[in-house]
Amino acid sequence: ADLQRPAAIEQLVQIGKQLNVPVYTEPGMTDPVKVCQNAVNRAKKSNEADVIILDTAGRLHIDDELMKQLARIDNRVEPDQVYLVVDGMTGQDAVNSAAAFNESLELNGVIMTKLDGDARGGAALSVRHVTGVPLKFIGVGEQFDALQVFDPQRIAGQILGQGDIMGLIETAQRKLDQDELLRQQKQLEEGEFTLETFRSMLS
């Protein structure tokens, strides 16, 4: 239902073929609301799918006509979930866009793309704050398998520049377990330090 961007429909059709997922299109149609209604009706009658994704037009700079279109789609089709997709590299623009969409639509979640680049995830925190809805998925690459379920601990690590914080914590706990160190020291002092003890230190 993205009738604004040139070749957007053809791009989706090609992706659908690669993933073996049917894509509903109406060449020449100019009303995205009607496209969404017809697509849902077709899917229900044919039992082709359990899940329907309505891909609507999106813009970095919000305009009234776009928001009215989305509101009409929301009212007439009544989707179970409404997700906003934002570009993590656009920083404050992504936050502004999320705030505007959230005012016009009742969002259920946000999908943030391009979190594999230089952006460290600060926009993710801001978008979560201004919308009040959770981040559901993040894009960490250009391939089809690069969409991941959002893990707040990983984003925290990106923001702090420390990678996977939980991984660091677990490593530190394993390497610096004080009780274990004391036990090994005692074994060494008492001449009971064995190859098994040495191996446990290296693992």
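Residues numbered from 1 in each chain as written. Predicted model: local features only at pLDDT ≥ 70, side-chain atom pairs only at ≥ 80, totals over all residues. Heavy atoms only, no water.

Under the counting rule described, the total for this entry stands at one cavity of 30 Å³ or more. The volume enclosed by the largest cavity comes to roughly 30 Å³. Around the largest cavity sit Ala1, Pro32, Thr56, Ala57, Leu66, Gln69, Leu70 and Ile73, which together line it. Residue contributions to the lining of the largest cavity peak at four residues, all from helix H3 (residues 64-77). Looking at side-chain class alone, the lining of the largest cavity contains six nonpolar, two polar and no charged residues. (1 Å grid on protein atoms, 1.4 Å probe; cavity = no way out; pocket = protein on both sides within 12 Å on 5 of 7 lines; lining within 4 Å. Points joined across faces, edges and corners; volume = space filled by probe spheres on them. Helix = DSSP H or I, 4+ residues; strand = E, 2+ residues; numbered from the N terminus. Nonpolar A, V, L, I, M, F, W, Y, C, P; charged D, E, K, R; others polar.)

Turning our attention to the sheet that holds strand S2 (residues 109-113). If you trace the four strands from one edge of the open sheet to the other, you get S1-S2-S3-S4, paired in mixed fashion. The open sheet has two edge strands with one neighbour each: strand S1 (83-87) and strand S4 (147-149). Across the sheet, the mean angle from the axis of one strand to that of its neighbour is 25 degrees, orientation sign disregarded. Bridge count between S1 and S2: five bridges; the pairing is parallel. For Val86, the partnering residue across the bridge sits in S2 and is Met112. (Pairing = 2+ DSSP bridges. Axes fitted to C-alpha atoms, helices over the stretch in contact; angles between N-to-C directions.)

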